[in-house]
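So the chains spell out like this:
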Amino acid sequence: MKFNLPVCFFAVTALCVSLPIFAHHGAAEYDNTKTISLQGTVAALQYLNPHALILFTVKDDKGQATEWTAELQSPNLLSRRGWSRSTLKPGDQIIVTGHPVKNGAKAMSGQKVVFTDGRETPNMGLPPDSAK
Amino acid sequence: MKSRTKFLFCMGVFFFAGVLSVPAVLHAQDSQSRKTTGLVSNQTPADFSGVWYPSTGSTLGASTPDNPGQQFVWLDPEGKPLKGPLPLTAWGQERFKANRPTGPARTAIDSDDPDFQCFPSGVPRIYLFLYPMEIVHTPGRVLMLFEYGHTIRQIFTDGRGHVQDAEPTWMGDSIGHWEGDTLVVDTTGLNDKTWLGYGGQPHSDALHVIERIHRIDHDSMMIDIMLDDPKAYTMPLHTQKKYVLKPDWNLMEFVCEDNSLNFLEFEKKTRIQK
């Protein structure tokens, strides 16, 4: 299954109205009115505070490679949902869904990450009962 | 008296003095231990020991044009959410305008938010961070250990007063006492470098915080927070923060300065202001 760059660009519904995943702050300002999904190859998962980063390479239809970065929650919050530093390994084929940054850079928030073979990564949200 | 006899006489005096002093020492130790054992965790009116996670529900406020950034839900004297801008004094207004929080046109790298410079978050802003906090009871003190930034608060419950004429600090000087099963915490001595919320809401070094901490039920706890800062606000501010017990959690390491080069590059790449 080959994806274009971007595969989909659509108005946000559920993701937008849910609690921001970067509930304290992210490094970037994201356009929460847009959600993109990109398929790429993991170069590295930087599992460090304050926020983990996925560095991944996206190829367009012509084979042109572009380096993208997706910002995730902090490793502490991710670990409590089942993530670890080895959840993503270099070479893994993934699809990252999230909001693009406002300034047009090749960067996005990572709200959901799945493998192209259908496997899913753990939920990246806040603890499920935290809104009680 | 020969010198040897003198020596033995003196030794005898010291010995008896020592024997006589033993009960006094024991008595002092006894009164000390009675003082401390009366304050151990299981003998305080309530026991908040455990790891708590801040609720993201009704006690977490959303950004509004008048009052931007994630923050507390400020309440009026009747307990209803305050609408419109915060009741700032002229001094407070000036500080509020001068602060440069993150927002639609400014990312963390261009903000002067003390949090992004890894300074302690202060009281009460430390409660806004969505990281757990552990409460530990020790004799004469209740400790709050915050995962975020590894910040600690010591709340002295041994009856002492505030430190007099102390240099203001990031987390202030906290003393506590019990009113029934509620722990009442009185904090002064805060510096004016921290904010009340992500939107740059200021406070001064005259800030006086009174927190009332009580359990709602076994799994939840409410911290009722009253702020009095006549230099920055024209009226006292009131808010509440709810916490949920996480019996299976442990605090983890979170070092604010633990920042990778790639993260810095990411911040630069995604900045909006030039």
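Model, not experiment: these values are computed from the prediction. (Residues numbered from 1 in each chain as written. Chains lettered and ligands numbered in written order. Predicted model: local features only at pLDDT ≥ 70, side-chain atom pairs only at ≥ 80, totals over all residues. Heavy atoms only, no water.)

**A word on the overall build of chain B**
Working step 1: When its secondary structure is counted, chain B shows three helices and nine strands.
Working step 2: Each of the 274 residues in chain B was classed as buried or not, and the buried ones make up 45%.
Working step 3: At a minimum sequence separation of 6, the contacts of chain B that also span at least 24 residues come to 57%.
Working step 4: Per element, the accessible surface of chain B, about 13,900 Å² overall, is 58% carbon and sulfur. (Helix = DSSP H or I, 4+ residues; strand = E, 2+ residues; numbered from the N terminus. Buried < 20%, exposed > 50% of the residue type's maximum accessible area, 1.4 Å probe, protein only. Contact = heavy atoms within 4.5 Å. Areas by Shrake-Rupley, 256 points an atom, 1.4 Å probe, with all protein chains shown as cover.)

**Notes on the overall build of chain A**
Working step 1: Across its full length, chain A holds two helices and seven strands.
Working step 2: When the helices and strands of chain A are placed in sequence order, the string is β-α-β-β-β-α-β-β-β.
Working step 3: In chain A, which comprises 132 residues, the share counted as buried stands at 54%.
Working step 4: Long-range contacts, defined as pairs at least 24 residues apart, comprise 60% of the intrachain contacts of chain A with a sequence gap of at least 6.
Working step 5: Carbon and sulfur atoms make up 52% of the accessible area of chain A, which totals about 6,000 Å².

**Things to note about the pattern of salt bridges**
All names here are of chain B.
Working step 1: Applying the stated criterion to the full structure yields eleven salt bridges over all chains.
Working step 2: Linking E211 and R153 is a salt bridge whose minimum nitrogen-to-oxygen distance equals 2.9 Å. Of this pair, E211 sits in strand β7 (residues 208-217) while R153 sits in strand β4 (residues 151-156); the two residues are 58 residues apart in sequence, bridging distant segments of the chain.
Working step 3: R160 serves as the salt-bridge partner of D158, at 2.8 Å between the closest nitrogen and oxygen.
Working step 4: For D158, a relative accessible area of 28% corresponds to the partly exposed category.
Working step 5: Look at R160 and you get partly exposed, because its relative accessible area is 42%. (Salt bridge = Lys/Arg side-chain N within 4 Å of Asp/Glu carboxyl O.)

**Re the sheet that holds strand β5 (residues 173-179) of chain B**
All names here are of chain B.
Working step 1: On the basis of which strands lie adjacent, the closed barrel formed by nine strands has the order β1-β2-β3-β4-β5-β6-β7-β8-β9 and mixed pairing. Taking each pair of neighbouring strands and ignoring which way they run, the sheet shows an average axis angle of 30 degrees.
Working step 2: The pairing of β5 with strand β6 (residues 182-188) spans seven bridges and is antiparallel. For I175, the partnering residue across the bridge sits in β6 and is D186. (Pairing = 2+ DSSP bridges. Axes fitted to C-alpha atoms, helices over the stretch in contact; angles between N-to-C directions.)

**Brief notes about the side chain of Q70 of chain B**
Working step 1: Examined against the element boundaries, Q70 of chain B turns out to sit in the loop between β1 (50-54) and α2 (90-98).
Working step 2: Within the structure, the side chain of Q70 of chain B is placed 3.4 Å from the backbone oxygen of L128 of chain B, a separation counted as a polar contact. (Polar contact = N/O pair within 3.5 Å; in protein donor to acceptor, adjacent residues only side chain to side chain.)

**Here's the deal with the interface of chain B and chain A**
Working step 1: With 41 residues of chain B at the contact, the number on the chain A side is 36 residues.
Working step 2: Of the roughly 3,100 Å² buried at the junction of chain B and chain A (both faces included), carbon and sulfur atoms supply 59%.
Working step 3: By the criterion of area lost to chain A, the three top residues of chain B are F263, F266 and K269 of chain B, representing 18% of everything that side buries.
Working step 4: Where chain B meets chain A, there are one salt bridge. (Buried area = accessible area lost by both parts, 1.4 Å probe.)

**Some points on the pairing of strand β4 (residues 65-71) of chain A**
All names here are of chain A.
Working step 1: Counting buried positions along β4 yields five of seven residues, so the element is predominantly enclosed.
Working step 2: Both strand β3 (residues 53-59) and β4 contribute to a ladder of seven bridges, which runs antiparallel. Note that in β4 the partner of I54 across the bridge is A70.
Working step 3: Alignment of β4 against strand β6 (residues 107-109), held across three bridges, turns out to be parallel. Bridge pairing in β6 places T69 opposite A107.

**So, the state of the cysteines**
Residue and element names in this part refer to chain B.
Working step 1: If you walk through the whole model with that rule in mind, you get one disulfide over all chains.
Working step 2: A disulfide bridge connects C118 with C256, and the sulfur atoms are separated by 2.0 Å. Its torsion about the S-S bond being -80 degrees, the disulfide of C118 and C256 is classed as left-handed. In this pair, C118 is assigned in the loop between α2 and β2 (133-138) and C256 in the loop between β9 (237-245) and α3 (261-269), connecting sequence segments 138 residues apart.
Working step 3: We classify C256 as buried; its relative accessible area is 17%. (Disulfide = S-S within 2.5 Å.)

**Here we look at the pairing of β7 of chain B**
Residue and element names in this part refer to chain B.
Working step 1: Sheet analysis places β6 next to β7, joined by five bridges and oriented antiparallel. Bridged to D186 within β7 is I210.
Working step 2: As defined by bridge partners, β7 adjoins strand β8 (residues 220-228) across nine bridges and the pair is classed as antiparallel. Considered in β8, the bridge of V209 is made with L227.
Working step 3: Taking the residues between adjacent antiparallel strands as the criterion, β7 and β8 are bridged by two residues.

**Looking at the nonpolar core**
Working step 1: Membership of the largest hydrophobic core comes to 48 residues, with the highest contact counts inside it found for Y127, M133 and M221 of chain B.
Working step 2: Going through the elements one at a time, β1, β2, β3 (141-146), β6, β7, β8 and β9 of chain B are the ones with two or more residues in this core.
Working step 3: The element that contributes the greatest number of residues to this core is β8 of chain B, accounting for four residues.
Working step 4: Listed in part, the 21 residues of the second largest apolar core include F56, V58, M108 and M124 of chain A. (Core = buried A, V, L, I, M, F, W, Y, C linked by side-chain atoms within 4.5 Å.)

**Examining the packing of aromatic side chains**
All names here are of chain B.
Working step 1: By the definition in use, this model includes twelve aromatic pairs over all chains.
Working step 2: Geometrically, the ring pair formed by Y131 and Y148 is tilted, given 5.3 Å between the ring centres and 40 degrees between the ring planes. With Y131 in the loop between α2 and β2 and Y148 in the loop between β3 and β4, this residue pair connects regions lying 17 residues apart in the sequence.
Working step 3: Note on Y148: relative accessible area 6%, which makes it buried.
Working step 4: In this structure an aromatic cluster arises from ring pairing among F129, Y131, Y148, Y198 and F254.
Working step 5: We note R125 situated over the ring of Y198; from NZ or CZ to the ring centre the distance is 4.6 Å.
Working step 6: Its end group placed over the ring of F156, R160 keeps NZ or CZ at 3.8 Å from the ring centre. (Phe/Tyr/Trp six-rings, centres within 6.5 Å; stacked < 30°, edge-to-face > 60°. Lys NZ or Arg CZ within 6 Å of the ring centre and 35° of its normal.)

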